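# Breakdown of the fold
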Amino acid sequence: MSIEKKVAVAVCTGMDQPLATVSRYAGYHVLEKLRPDKTVLLCTPALTGGVQEDVTFAKENPVLVIDGCGEKCCEKIVNEAKGQIKAIINVEDILKEHKELQPESRAKLGPKGM
């Protein structure tokens, strides 16, 4: 019997930028509402720290990266750990296409940020 793999969702951990907050909300939406039985949150700080359990999980399961900006920190962290990135979403790129959707601040996204 084979164990079904889960998709690891890696989200931007930047704390001072509104787009990082949007990234985290998007990740939690996937984890809690869209695919709660098929996804798990990947701890990017644990990857950076070389926590073996997290590194192994990223190598053995598909990873969805949700980055906040053009720095692509989350993508870089997962790549450094040799994770299996299968899809990348960059909030900054999406907001360039949808200028009507803009967060108010990092602490309060507002209706257009959500």
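Since we're looking at a predicted model, the values are computed, not measured.

### Quick word on the overall build of the protein chain
Check the secondary structure of the protein chain and you find five helices and four strands. The order of α-helices and β-strands along the protein chain, N terminus first, is β-α-β-α-α-β-α-β-α. Computed over its C-alpha atoms, the radius of gyration of the protein chain comes to 14 Å, within 12% of the 13 Å expected for a compact globule of 114 residues. The 114 residues of the protein chain split such that 36% are buried. A separation threshold of at least 6 residues defines the contact pool for the protein chain, and within that pool the share at least 24 residues apart is 56%. A total accessible area of about 7300 Å² is found for the protein chain, and carbon and sulfur atoms account for 56% of it. In the protein chain, which carries 16 positive and 16 negative side-chain charges, the distance between the mean positions of the two groups comes to 2 Å.

### Section: the sheet that holds strand β1 (residues 7–11)
Spatially, four strands are ordered β2-β1-β3-β4 in an open sheet, and the strand pairing comes out parallel. Across the chains shown, the open sheet's two edge strands, defined by having one partner strand only, are β2 (39–41) and β4 (84–90). When the angles between neighbouring strand axes are averaged without regard to direction, this sheet yields 25°. Bridge count between β1 and β2: three bridges; the pairing is parallel. The residue of β2 that forms the bridge with valine 7 is threonine 39. In the packing of helix α1 (residues 18–34) onto the sheet, the strands contacted are β1, β2 and β3 (62–67), and the crossing angle to β1 comes to about 160°. Across the sheet, helix α3 (residues 52–60) is in contact with β1, β2, β3 and β4; its angle to β4 comes to roughly 90°.

### Some details on the layout of surface pockets
Looking at the second largest pocket, its volume works out to about 200 Å³. Forming the walls of the second largest pocket are 17 residues, and the residues nearest its centre are Cys12, Gly14, Ala20, Cys69 and Cys73. Sorting the residues of the lining of the second largest pocket by element identifies α1 and α4 (73–80) as the ones contributing at least two each. The element that contributes the greatest number of residues to the lining of the second largest pocket is α4, accounting for three residues.

How each quantity is defined
Residues numbered from 1 in each chain as written. Predicted model: local features only at pLDDT ≥ 70, side-chain atom pairs only at ≥ 80, totals over all residues. Heavy atoms only, no water. Helix = DSSP H or I, 4+ residues; strand = E, 2+ residues; numbered from the N terminus. Rg over C-alpha atoms; globule rule 2.2 N^0.38 Å. Buried < 20%, exposed > 50% of the residue type's maximum accessible area, 1.4 Å probe, protein only. Contact = heavy atoms within 4.5 Å. Areas by Shrake-Rupley, 256 points an atom, 1.4 Å probe, with all protein chains shown as cover. Lys, Arg positive; Asp, Glu negative; His and termini not counted. Charge placed at Lys NZ, Arg CZ, Asp CG, Glu CD. Pairing = 2+ DSSP bridges. Axes fitted to C-alpha atoms, helices over the stretch in contact; angles between N-to-C directions. 1 Å grid on protein atoms, 1.4 Å probe; cavity = no way out; pocket = protein on both sides within 12 Å on 5 of 7 lines; lining within 4 Å. Points joined across faces, edges and corners; volume = space filled by probe spheres on them.

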